[in-house]
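# Observations on chain architecture
Chain residues, written in single-letter form:
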Amino acid sequence: QVRVVESGGRLVQTGASLKLSCEVFGITSTAVGWFRQAPGLARDFVAAGVWGTGRKFYADSVKGRFIISRDGAKNSVYLQMTDLKPEDTGVYFCAAGGRIYSNLQRQGSYEYWGQGTQVTVSS
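Residues numbered from 1 in each chain as written. Predicted model: local features only at pLDDT ≥ 70, side-chain atom pairs only at ≥ 80, totals over all residues. Heavy atoms only, no water.

## Some thoughts on the nonpolar core
Counting 32 residues, the largest nonpolar core has Leu20, Trp34, Val46, Phe66, Leu79, Met81 and Tyr92 as its most contacted members. Looking at this core, the element that brings in the most residues is strand β5 (residues 43-50), giving five residues. (Core = buried A, V, L, I, M, F, W, Y, C linked by side-chain atoms within 4.5 Å. Buried < 20%, exposed > 50% of the residue type's maximum accessible area, 1.4 Å probe, protein only. Helix = DSSP H or I, 4+ residues; strand = E, 2+ residues; numbered from the N terminus.)

The structure is reproduced here in structure tokens:
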């Protein structure tokens, strides 16, 4: 059974840093992405990584502030977030089983999703 489990979300203040974790069980995923959904809005792309090629992708709104990384031994993926803003508030989802040659900014490019972890940035 494939499972994707996010963790690390919590309430923080503007300007704080926070690191989210994503553990993937049952598969070895070479392409993993992070998406987020603000209250009442659509789910948007945040970051993605293709470990076999070293390619990384970021939404314009988080470039220079967020970094996606991995620990291959644990089959885990991380999202290091810095200089957090209220606009970063939302439920963050980890997506696994990404198709390497697809557009990884699209939700349909991934096979498996976690349940999400809430990140709240207070003003």
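## Looking at the sheet that holds strand β1 (residues 3-7)
In space, the four strands of this open sheet follow the order β1-β3-β8-β7, with antiparallel pairing throughout. In the strand order of this sheet, the two ends are held by β1 and β7 (66-71), each with one partner. When strand polarity is set aside, the average angle formed by the axes of neighbouring strands in this sheet is 15°. (Pairing = 2+ DSSP bridges. Axes fitted to C-alpha atoms, helices over the stretch in contact; angles between N-to-C directions.)

## Section: the state of the cysteines
Inspection of every chain in the model, using the stated rule, returns one disulfide. Across a sulfur-sulfur distance of 2.0 Å, Cys22 and Cys94 are joined as a disulfide pair. Torsion about the S-S bond of the Cys22 and Cys94 cystine: about -80°, corresponding to left-handed handedness. One end of the pair, Cys22, is in strand β3 (residues 18-25); the other, Cys94, is in strand β9 (residues 90-96), with 72 residues separating them in the sequence. (Disulfide = S-S within 2.5 Å.)

## Quick word on the pairing of strand β11 (residues 117-122)
Burial along β11 is one-sided: Thr117, Val119 and Val121 are buried, while Gln118, Thr120 and Ser122, pointing the other way, are not. Bridge count for strand β2 (residues 11-13) against β11 is three bridges, and the pairing is parallel. Paired with Val12 across the two strands is Val121, which belongs to β11. With three bridges joining them, β9 and β11 adopt antiparallel strand pairing. Among the inter-strand pairings, Tyr92 is bridged to a residue of β11, identified as Thr117.

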